[in-house]
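Reading the structure
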Amino acid sequence: MSNRRRQDGVVFSRKDGKVLWIRYRDRNGKRCRESTGTEDCQEANRKLRERLQARDGNLLEAIRKGESLGFEEWVDSFLDNYSKPPIRAQKTHEANQRCATHLKAAFTGKKLVEVTADAIEDYLRHRLRQRVRRKLAKGYREHGILKSSTVHQEFRVLRRMLNVAVRKKLLAANPCAGVEFPVRVKGLFRPHYVTWSEQRTIEARAPEYLRNIVRIITETGLRVYKELMPMKKEQLDLTNAMVWIPDSKTPNGVAEVPLTPLALEAFRDQMRLSPCSPYLFPSDKNPSGYQRTLKTTWEAALRRAQVPYFRITICARPMPDGSVPEG
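Fair warning: this is a prediction, and the values are worked out from it, not measured in the lab.

1. Some details on the pattern of salt bridges
One side chain can pair with another of opposite charge once the charged atoms of both are near each other. Across all of its chains, the model carries 13 salt bridges by this definition. Here Glu-121 makes a salt bridge to Arg-125, at a shortest N to O gap of 3.8 Å. Here Glu-121 and its partner Arg-125 are both found in helix 6 (residues 117-128), four residues apart, which amounts to about one turn of the helix. Arg-125 sits in the partly exposed class, given a relative accessible area of 39%. As a salt-bridge pair, Glu-203 and Arg-200 come within 3.9 Å of each other at their nearest N and O atoms. Of this pair, Glu-203 and Arg-200 both sit in helix 8 (residues 196-204), three residues apart, roughly one helical turn. Judged by its relative accessible area of 4%, Glu-203 falls in the buried class. Among the residues examined, Arg-200 registers a relative accessible area of 43% and is labelled partly exposed. Via salt bridges that share partners, Glu-208, Arg-211, Asp-269 and Arg-272 belong to a single interconnected network.

Printed below as a string of C-alpha coordinates:
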(Lines give C-alpha, C1' and ligand atoms only; values in the text may rest on other atoms or scores of the structure.)
Protein backbone atom coordinates (compact mmCIF):
# COMPACT_ATOMS: atom_id res chain seq x y z
CA MET A 1 0.00 0.00 0.00
CA SER A 2 1.36 3.43 -1.04
CA ASN A 3 2.32 5.94 1.57
CA ARG A 4 -0.55 8.45 2.00
CA ARG A 5 1.86 11.14 3.17
CA ARG A 6 3.99 10.65 0.05
CA GLN A 7 1.03 10.70 -2.37
CA ASP A 8 -1.17 13.44 -0.93
CA GLY A 9 1.36 15.89 0.48
CA VAL A 10 1.28 17.77 3.75
CA VAL A 11 0.76 21.23 5.21
CA PHE A 12 3.42 22.31 7.68
CA SER A 13 4.80 25.39 9.39
CA ARG A 14 8.44 26.37 9.45
CA LYS A 15 10.29 27.27 12.60
CA ASP A 16 11.17 30.73 11.37
CA GLY A 17 7.64 32.00 10.73
CA LYS A 18 3.85 31.59 11.03
CA VAL A 19 3.08 31.30 7.32
CA LEU A 20 2.08 27.76 6.36
CA TRP A 21 3.89 25.78 3.68
CA ILE A 22 2.89 22.76 1.60
CA ARG A 23 4.98 19.80 0.50
CA TYR A 24 4.05 17.34 -2.23
CA ARG A 25 5.59 15.41 -5.10
CA ASP A 26 5.08 16.11 -8.81
CA ARG A 27 4.37 13.49 -11.48
CA ASN A 28 8.06 12.61 -11.66
CA GLY A 29 8.29 12.05 -7.92
CA LYS A 30 10.28 15.22 -7.30
CA ARG A 31 9.59 16.84 -3.93
CA CYS A 32 8.08 20.34 -4.19
CA ARG A 33 7.82 22.91 -1.40
CA GLU A 34 5.80 26.12 -1.64
CA SER A 35 4.68 28.87 0.65
CA THR A 36 0.90 29.30 0.80
CA GLY A 37 1.20 32.93 1.84
CA THR A 38 -1.39 32.45 4.58
CA GLU A 39 -1.64 31.45 8.22
CA ASP A 40 -5.10 29.94 7.76
CA CYS A 41 -4.98 26.14 7.85
CA GLN A 42 -8.12 25.71 5.69
CA GLU A 43 -6.77 28.07 3.03
CA ALA A 44 -3.44 26.21 3.05
CA ASN A 45 -5.19 22.86 2.60
CA ARG A 46 -7.23 24.30 -0.28
CA LYS A 47 -3.98 25.38 -1.93
CA LEU A 48 -2.58 21.89 -1.48
CA ARG A 49 -5.70 20.28 -3.03
CA GLU A 50 -5.44 22.60 -6.04
CA ARG A 51 -1.80 21.62 -6.52
CA LEU A 52 -2.58 17.92 -6.31
CA GLN A 53 -5.47 18.23 -8.77
CA ALA A 54 -3.25 20.16 -11.18
CA ARG A 55 -0.56 17.48 -10.83
CA ASP A 56 -3.01 14.67 -11.54
CA GLY A 57 -4.39 16.59 -14.56
CA ASN A 58 -0.85 17.26 -15.86
CA LEU A 59 -1.44 21.02 -15.52
CA LEU A 60 0.97 21.78 -12.71
CA GLU A 61 3.73 23.36 -14.83
CA ALA A 62 1.27 25.56 -16.75
CA ILE A 63 -0.38 26.80 -13.55
CA ARG A 64 2.97 27.53 -11.95
CA LYS A 65 4.00 29.48 -15.04
CA GLY A 66 0.76 31.49 -14.87
CA GLU A 67 1.38 32.39 -11.24
CA SER A 68 4.87 33.69 -12.01
CA LEU A 69 3.94 35.37 -15.30
CA GLY A 70 3.57 39.15 -15.21
CA PHE A 71 0.50 40.75 -16.78
CA GLU A 72 2.59 43.00 -19.04
CA GLU A 73 4.62 40.00 -20.18
CA TRP A 74 1.44 38.12 -21.10
CA VAL A 75 0.03 41.13 -23.01
CA ASP A 76 3.22 41.33 -25.09
CA SER A 77 3.04 37.59 -25.75
CA PHE A 78 -0.62 37.88 -26.80
CA LEU A 79 0.13 40.71 -29.23
CA ASP A 80 3.04 38.79 -30.79
CA ASN A 81 1.38 35.38 -31.09
CA TYR A 82 -2.42 35.82 -31.18
CA SER A 83 -3.09 39.30 -32.56
CA LYS A 84 -1.00 39.79 -35.70
CA PRO A 85 -1.95 38.76 -39.24
CA PRO A 86 -2.77 36.17 -40.47
CA ILE A 87 -4.43 35.22 -37.17
CA ARG A 88 -6.18 38.58 -36.99
CA ALA A 89 -6.57 41.46 -39.46
CA GLN A 90 -4.04 44.29 -39.33
CA LYS A 91 -6.66 46.80 -38.17
CA THR A 92 -7.68 44.45 -35.36
CA HIS A 93 -4.05 44.17 -34.30
CA GLU A 94 -3.71 47.97 -34.28
CA ALA A 95 -6.84 48.28 -32.13
CA ASN A 96 -5.45 45.64 -29.75
CA GLN A 97 -2.21 47.59 -29.46
CA ARG A 98 -4.05 50.79 -28.55
CA CYS A 99 -6.07 49.00 -25.87
CA ALA A 100 -2.98 47.19 -24.57
CA THR A 101 -1.27 50.52 -23.87
CA HIS A 102 -4.00 51.49 -21.38
CA LEU A 103 -4.28 47.99 -19.88
CA LYS A 104 -0.55 47.67 -19.24
CA ALA A 105 -0.48 51.09 -17.58
CA ALA A 106 -3.38 50.13 -15.30
CA PHE A 107 -2.07 46.70 -14.23
CA THR A 108 1.65 47.42 -14.26
CA GLY A 109 3.64 45.34 -11.78
CA LYS A 110 0.82 42.79 -11.29
CA LYS A 111 1.01 39.09 -11.92
CA LEU A 112 -1.44 37.58 -14.39
CA VAL A 113 -3.30 35.77 -11.60
CA GLU A 114 -3.62 39.02 -9.60
CA VAL A 115 -5.93 40.61 -12.20
CA THR A 116 -9.24 40.04 -10.43
CA ALA A 117 -12.83 40.92 -11.31
CA ASP A 118 -12.82 43.73 -8.72
CA ALA A 119 -9.61 45.18 -10.16
CA ILE A 120 -11.10 45.12 -13.66
CA GLU A 121 -14.28 46.87 -12.53
CA ASP A 122 -12.20 49.56 -10.79
CA TYR A 123 -10.25 50.05 -14.02
CA LEU A 124 -13.44 50.41 -16.10
CA ARG A 125 -14.94 52.97 -13.70
CA HIS A 126 -11.69 54.94 -13.73
CA ARG A 127 -11.55 54.97 -17.54
CA LEU A 128 -15.17 56.09 -17.85
CA ARG A 129 -14.29 59.20 -15.83
CA GLN A 130 -11.25 60.09 -17.94
CA ARG A 131 -11.15 62.58 -20.80
CA VAL A 132 -9.90 62.13 -24.35
CA ARG A 133 -6.30 63.31 -24.66
CA ARG A 134 -4.85 64.44 -28.00
CA LYS A 135 -1.09 64.58 -28.34
CA LEU A 136 0.24 67.89 -29.65
CA ALA A 137 3.72 69.16 -30.42
CA LYS A 138 3.94 70.88 -27.03
CA GLY A 139 2.02 68.43 -24.87
CA TYR A 140 -1.54 67.16 -24.65
CA ARG A 141 -4.97 68.71 -25.05
CA GLU A 142 -7.97 67.33 -23.18
CA HIS A 143 -11.39 66.99 -24.79
CA GLY A 144 -14.67 65.44 -23.66
CA ILE A 145 -15.26 62.35 -21.52
CA LEU A 146 -14.33 59.02 -23.09
CA LYS A 147 -17.20 57.27 -24.85
CA SER A 148 -18.50 54.15 -23.14
CA SER A 149 -18.03 52.24 -26.42
CA THR A 150 -14.29 53.06 -26.33
CA VAL A 151 -13.93 51.68 -22.81
CA HIS A 152 -16.05 48.66 -23.75
CA GLN A 153 -13.61 47.95 -26.60
CA GLU A 154 -10.76 47.82 -24.07
CA PHE A 155 -12.82 45.44 -21.92
CA ARG A 156 -13.43 43.12 -24.89
CA VAL A 157 -9.72 43.05 -25.74
CA LEU A 158 -8.85 42.24 -22.12
CA ARG A 159 -11.47 39.47 -22.08
CA ARG A 160 -9.97 37.90 -25.20
CA MET A 161 -6.45 38.10 -23.76
CA LEU A 162 -7.55 36.30 -20.62
CA ASN A 163 -9.60 33.75 -22.58
CA VAL A 164 -6.43 32.72 -24.39
CA ALA A 165 -4.65 32.48 -21.01
CA VAL A 166 -7.41 30.16 -19.77
CA ARG A 167 -7.05 27.94 -22.84
CA LYS A 168 -3.31 27.78 -22.22
CA LYS A 169 -4.05 26.71 -18.61
CA LEU A 170 -2.28 29.80 -17.24
CA LEU A 171 -5.51 30.79 -15.47
CA ALA A 172 -8.17 28.61 -13.90
CA ALA A 173 -10.97 30.96 -15.03
CA ASN A 174 -11.42 34.30 -16.75
CA PRO A 175 -12.08 37.05 -14.15
CA CYS A 176 -13.97 39.05 -16.82
CA ALA A 177 -16.83 36.54 -16.43
CA GLY A 178 -17.55 38.11 -13.03
CA VAL A 179 -17.44 41.71 -14.29
CA GLU A 180 -20.53 43.78 -15.00
CA PHE A 181 -19.84 46.72 -17.29
CA PRO A 182 -20.58 49.88 -15.26
CA VAL A 183 -22.77 51.59 -17.87
CA ARG A 184 -25.12 50.43 -20.58
CA VAL A 185 -23.73 50.54 -24.12
CA LYS A 186 -26.66 51.16 -26.45
CA GLY A 187 -26.75 49.96 -30.01
CA LEU A 188 -23.21 48.57 -30.05
CA PHE A 189 -22.54 46.94 -33.44
CA ARG A 190 -26.22 46.96 -34.36
CA PRO A 191 -26.63 47.64 -38.10
CA HIS A 192 -28.34 50.82 -39.24
CA TYR A 193 -30.93 49.97 -41.87
CA VAL A 194 -30.93 52.72 -44.49
CA THR A 195 -34.23 53.51 -46.14
CA TRP A 196 -34.21 54.43 -49.82
CA SER A 197 -35.17 58.05 -49.10
CA GLU A 198 -32.41 58.35 -46.48
CA GLN A 199 -29.88 56.87 -48.88
CA ARG A 200 -30.87 59.35 -51.60
CA THR A 201 -30.52 62.23 -49.13
CA ILE A 202 -27.00 61.12 -48.16
CA GLU A 203 -25.97 60.58 -51.79
CA ALA A 204 -27.15 64.07 -52.78
CA ARG A 205 -24.74 65.63 -50.25
CA ALA A 206 -21.79 63.25 -50.66
CA PRO A 207 -18.87 63.43 -53.13
CA GLU A 208 -19.12 61.20 -56.19
CA TYR A 209 -16.82 58.43 -54.94
CA LEU A 210 -18.66 58.23 -51.61
CA ARG A 211 -21.98 58.04 -53.41
CA ASN A 212 -20.64 55.07 -55.38
CA ILE A 213 -19.47 53.41 -52.17
CA VAL A 214 -22.88 53.78 -50.53
CA ARG A 215 -24.61 52.26 -53.55
CA ILE A 216 -22.18 49.35 -53.78
CA ILE A 217 -22.28 48.32 -50.12
CA THR A 218 -26.07 48.62 -49.83
CA GLU A 219 -26.55 46.59 -53.01
CA THR A 220 -23.87 43.92 -52.52
CA GLY A 221 -23.16 43.82 -48.75
CA LEU A 222 -19.39 44.06 -49.28
CA ARG A 223 -17.27 44.99 -46.28
CA VAL A 224 -16.03 48.53 -46.78
CA TYR A 225 -12.46 48.42 -45.49
CA LYS A 226 -11.67 44.75 -45.95
CA GLU A 227 -13.20 44.03 -49.37
CA LEU A 228 -14.19 47.23 -51.20
CA MET A 229 -11.52 49.86 -50.52
CA PRO A 230 -8.50 47.66 -51.52
CA MET A 231 -10.35 46.38 -54.62
CA LYS A 232 -8.49 46.44 -57.94
CA LYS A 233 -10.10 46.92 -61.33
CA GLU A 234 -8.93 43.49 -62.45
CA GLN A 235 -11.35 41.94 -59.93
CA LEU A 236 -14.32 43.34 -61.89
CA ASP A 237 -16.12 41.53 -64.68
CA LEU A 238 -18.52 44.16 -65.94
CA THR A 239 -19.60 42.04 -68.90
CA ASN A 240 -20.99 39.31 -66.66
CA ALA A 241 -21.88 41.70 -63.79
CA MET A 242 -19.61 39.94 -61.28
CA VAL A 243 -16.87 40.95 -58.87
CA TRP A 244 -14.26 38.59 -57.42
CA ILE A 245 -13.41 38.88 -53.70
CA PRO A 246 -10.03 37.15 -53.11
CA ASP A 247 -9.61 38.11 -49.44
CA SER A 248 -12.35 38.35 -46.81
CA LYS A 249 -12.90 38.24 -43.09
CA THR A 250 -14.57 34.81 -43.36
CA PRO A 251 -13.89 31.86 -45.71
CA ASN A 252 -17.39 32.15 -47.18
CA GLY A 253 -16.63 35.73 -48.17
CA VAL A 254 -14.02 34.59 -50.72
CA ALA A 255 -16.31 34.24 -53.74
CA GLU A 256 -17.73 35.81 -56.87
CA VAL A 257 -20.40 38.34 -55.98
CA PRO A 258 -23.17 39.10 -58.51
CA LEU A 259 -23.94 42.77 -59.12
CA THR A 260 -27.33 44.43 -59.34
CA PRO A 261 -27.86 47.06 -62.08
CA LEU A 262 -27.43 49.86 -59.53
CA ALA A 263 -24.17 48.39 -58.20
CA LEU A 264 -22.93 47.81 -61.75
CA GLU A 265 -23.61 51.44 -62.61
CA ALA A 266 -21.74 52.58 -59.48
CA PHE A 267 -18.70 50.45 -60.37
CA ARG A 268 -18.64 51.86 -63.91
CA ASP A 269 -18.83 55.40 -62.57
CA GLN A 270 -16.00 54.74 -60.12
CA MET A 271 -13.78 53.40 -62.91
CA ARG A 272 -14.39 56.67 -64.72
CA LEU A 273 -13.24 58.60 -61.62
CA SER A 274 -9.96 56.62 -61.29
CA PRO A 275 -8.62 56.16 -64.81
CA CYS A 276 -4.88 56.11 -63.99
CA SER A 277 -4.76 53.69 -61.05
CA PRO A 278 -5.12 49.92 -60.72
CA TYR A 279 -7.26 50.57 -57.63
CA LEU A 280 -10.90 51.64 -57.71
CA PHE A 281 -10.40 54.05 -54.80
CA PRO A 282 -6.82 55.33 -55.21
CA SER A 283 -5.01 57.61 -52.77
CA ASP A 284 -1.69 59.39 -53.29
CA LYS A 285 -1.43 60.11 -49.56
CA ASN A 286 -1.40 56.46 -48.50
CA PRO A 287 1.58 54.12 -49.10
CA SER A 288 -0.80 51.26 -49.86
CA GLY A 289 -2.08 53.12 -52.92
CA TYR A 290 -5.75 53.13 -51.93
CA GLN A 291 -7.92 54.94 -49.39
CA ARG A 292 -7.82 53.42 -45.92
CA THR A 293 -10.50 55.44 -44.13
CA LEU A 294 -13.72 57.31 -44.90
CA LYS A 295 -14.38 58.64 -41.41
CA THR A 296 -14.02 62.38 -42.05
CA THR A 297 -15.85 62.34 -45.40
CA TRP A 298 -18.63 60.15 -44.03
CA GLU A 299 -19.22 62.32 -40.98
CA ALA A 300 -19.31 65.45 -43.15
CA ALA A 301 -21.82 63.89 -45.57
CA LEU A 302 -24.15 62.86 -42.74
CA ARG A 303 -23.88 66.30 -41.18
CA ARG A 304 -24.79 68.04 -44.44
CA ALA A 305 -27.66 65.59 -44.97
CA GLN A 306 -28.85 66.20 -41.36
CA VAL A 307 -28.86 62.45 -40.71
CA PRO A 308 -27.86 61.17 -37.23
CA TYR A 309 -24.41 59.62 -37.26
CA PHE A 310 -24.01 55.87 -37.81
CA ARG A 311 -21.00 53.87 -38.88
CA ILE A 312 -20.69 53.23 -42.59
CA THR A 313 -19.29 49.77 -41.83
CA ILE A 314 -22.62 48.56 -40.39
CA CYS A 315 -25.20 50.18 -42.66
CA ALA A 316 -27.61 47.91 -44.55
CA ARG A 317 -30.76 48.04 -46.64
CA PRO A 318 -34.19 46.93 -45.29
CA MET A 319 -35.93 43.82 -46.52
CA PRO A 320 -37.90 44.08 -49.82
CA ASP A 321 -41.20 44.36 -47.92
CA GLY A 322 -39.85 47.37 -45.99
CA SER A 323 -39.21 45.49 -42.72
CA VAL A 324 -35.78 45.12 -41.11
CA PRO A 325 -34.18 41.90 -39.87
CA GLU A 326 -33.95 41.35 -36.14
CA GLY A 327 -30.67 41.39 -34.26
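Having seen it, we continue.
2. Some words on the packing of helix 6 against helix 7 (residues 148-167)
Interhelical geometry of helix 6 versus helix 7 gives an angle of 155° and a closest axis separation of 9 Å. Considering the angle they form, helix 6 stands roughly antiparallel to helix 7. Helix 6 and helix 7 meet at a crossing whose hand is right-handed. For the pair helix 6 and helix 7, contact is made by Ile-120, Tyr-123, Leu-124, Arg-127 and Leu-128 and by Ser-148, Val-151, Glu-154, Phe-155, Leu-158 and Leu-162, respectively. By residue class, the composition of the contact of helix 6 with helix 7 is eight nonpolar, one polar and two charged.

3. Brief notes about unusual backbone geometry
Geometrically, the link from Pro-85 to Pro-86 is a cis peptide bond, its omega value of 5° lying close to zero. Mapped onto the elements, Pro-86 comes out in the loop between helix 4 (71-81) and helix 5 (90-106). Of note in this structure, Lys-169 is not a glycine but carries a positive phi near 65°. Topologically, Lys-169 is positioned in the loop between helix 7 and strand 6 (192-193). On the accessibility criterion, Lys-169 (40% relative accessible area) is partly exposed. Positive phi, normally seen in glycine, also occurs at Gln-306, with a value near 60°. Relative to the elements of secondary structure, Gln-306 occurs in the loop between helix 12 (295-305) and strand 10 (315-316). A residue is classified by how much of its surface remains accessible, and Gln-306, at 72% relative accessible area, is exposed.

4. Overview of the nonpolar core
Within the largest apolar cluster, 35 residues are counted, with the highest numbers of intra-cluster contacts made by Leu-228 and Phe-267. When residues of this core are traced back to their parent elements, those giving at least two are helix 9 (208-220), helix 10 (224-228), strand 8 (242-245), helix 11 (261-273) and helix 12. With five residues, the single largest contributor to this core is helix 9. The contact partners of Leu-228, leaving out residues within four places of it in the chain, are Ile-213, Ile-216, Ile-217, Leu-222, Arg-223, Phe-267 and Phe-281. Of all hydrophobic cores here, the second largest spans 33 residues; its members include Ala-100, Leu-103, Leu-162 and Phe-181.

5. Side note on the sheet that holds strand 9 (residues 255-258)
Sheet strands pair via backbone hydrogen bonds, and the direction of the pair is either parallel or antiparallel. With antiparallel pairing, the three strands of this open sheet are ordered in space as 7-8-9. Bordering the open sheet on either side are strand 7 (236-237) and strand 9, each of which pairs with just one other strand. As paired strands, strand 7 and strand 8 are joined by two bridges and run antiparallel to one another. Bridging across to strand 8, Leu-236 finds its partner in Val-243.

6. Overview of the side chain of Gln-270
Note on placement: Gln-270 falls in helix 11. Gln-270 sits in the buried class, given a relative accessible area of 3%. Polar contacts involving the side chain of Gln-270 include one to the side chain of Asn-212, which spans 3.0 Å. Apart from residues lying up to four places away in sequence, Gln-270 is in contact with Tyr-209, Asn-212, Leu-280 and Phe-281.

7. Overview of the packing of aromatic side chains
Within this structure, the stated rule accounts for seven aromatic pairs. Look at Tyr-279 and Tyr-290: their rings are 5.3 Å apart centre to centre, the planes differ by 50°, and that puts the pair in the tilted class. Here Tyr-279, found in the loop between helix 11 and helix 12, pairs with Tyr-290, found in the loop between helix 11 and helix 12; they are eleven residues apart in sequence, far enough to count as distant. Of the two residues, Tyr-279 and Tyr-290, neither departs from the other in class, the shared state being buried. Aromatic pair Trp-298 and Phe-310: ring centres 5.4 Å apart, planes at 85°, arrangement edge-to-face. Remark: Phe-310 occurs in the loop between helix 12 and strand 10 and Trp-298 occurs in helix 12; sequence separation between them is twelve residues. The exposure class of Phe-310 is buried, given its relative accessible area of 7%.

Thresholds applied
- Residues numbered from 1 in each chain as written.
- Predicted model: local features only at pLDDT ≥ 70, side-chain atom pairs only at ≥ 80, totals over all residues.
- Heavy atoms only, no water.
- Salt bridge = Lys/Arg side-chain N within 4 Å of Asp/Glu carboxyl O.
- Helix = DSSP H or I, 4+ residues; strand = E, 2+ residues; numbered from the N terminus.
- Buried < 20%, exposed > 50% of the residue type's maximum accessible area, 1.4 Å probe, protein only.
- Axes fitted to C-alpha atoms, helices over the stretch in contact; angles between N-to-C directions.
- Parallel < 35°, antiparallel > 145°, perpendicular 65-115°, else oblique.
- Left-handed = near helix turned anticlockwise from the far one by under 90°.
- Contact = heavy atoms within 4.5 Å.
- Nonpolar A, V, L, I, M, F, W, Y, C, P; charged D, E, K, R; others polar.
- Core = buried A, V, L, I, M, F, W, Y, C linked by side-chain atoms within 4.5 Å.
- Pairing = 2+ DSSP bridges.
- Polar contact = N/O pair within 3.5 Å; in protein donor to acceptor, adjacent residues only side chain to side chain.
- Phe/Tyr/Trp six-rings, centres within 6.5 Å; stacked < 30°, edge-to-face > 60°.

Any link to function would need more than the numbers given here.
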